Amino acid sequence: MNCSPLVLYPRLSTAGGLAEWFAENVNVEGKYFIFIWDGTSQKAEVTQKKDNYFIRFHWVDDPQETLSSNSE
């Protein structure tokens, strides 16, 4: 992608930037980003970042959902 890191990084590292192009809505709770699509949400943890250089997320599985799936 031919783009300045100063332009791209805020789109990848802020709730507003991610909501512009990646998800319908994004909320931040500490080191967690909550991505919302079609009324469902998915949580991702920021595992590493270097300002204006990179950000790395790890999707977090919902343990309650896993328990519900296993108990059926």
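Scroll up to find the structure.
Residues numbered from 1 in each chain as written. Predicted model: local features only at pLDDT ≥ 70, side-chain atom pairs only at ≥ 80, totals over all residues. Heavy atoms only, no water.

The strand order β1-β2-β3-β4 describes an open sheet built from 4 strands, whose pairing is antiparallel. One side of each edge strand has no neighbouring strand; the edge strands of this open sheet are β1 (25-29) and β4 (54-60). The average angle at which neighbouring strand axes cross in this sheet is 30 degrees, direction not considered. Pairing of β1 with strand β2 (residues 32-37), which is carried by 5 bridges, proceeds in the antiparallel orientation. (Pairing = 2+ DSSP bridges. Helix = DSSP H or I, 4+ residues; strand = E, 2+ residues; numbered from the N terminus. Axes fitted to C-alpha atoms, helices over the stretch in contact; angles between N-to-C directions.)

Applying the stated rule across the entire model yields 2 salt bridges. Note that E20 is salt-bridged to R11, the shortest N-O span being 3.6 Å. E45 is the partner of K31 in a salt bridge, and the nearest nitrogen-oxygen pair spans 2.9 Å. Residue K31 is located in the loop between β1 and β2, and its partner E45 is located in strand β3 (residues 40-50); the two are separated by 14 residues in the primary sequence. (Salt bridge = Lys/Arg side-chain N within 4 Å of Asp/Glu carboxyl O.)

Moving on: the side chain of S13. Following the sequence through the fold, S13 ends up in helix α1 (residues 5-13). Owing to a relative accessible area of 16%, S13 belongs among the buried residues under this scheme. There is a polar contact of 2.7 Å between the side chain of S13 and the backbone oxygen of Y9. Excluding its chain neighbours within four sequence positions, the residues that come into contact with S13 are F33 and I55. (Buried < 20%, exposed > 50% of the residue type's maximum accessible area, 1.4 Å probe, protein only. Polar contact = N/O pair within 3.5 Å; in protein donor to acceptor, adjacent residues only side chain to side chain. Contact = heavy atoms within 4.5 Å.)

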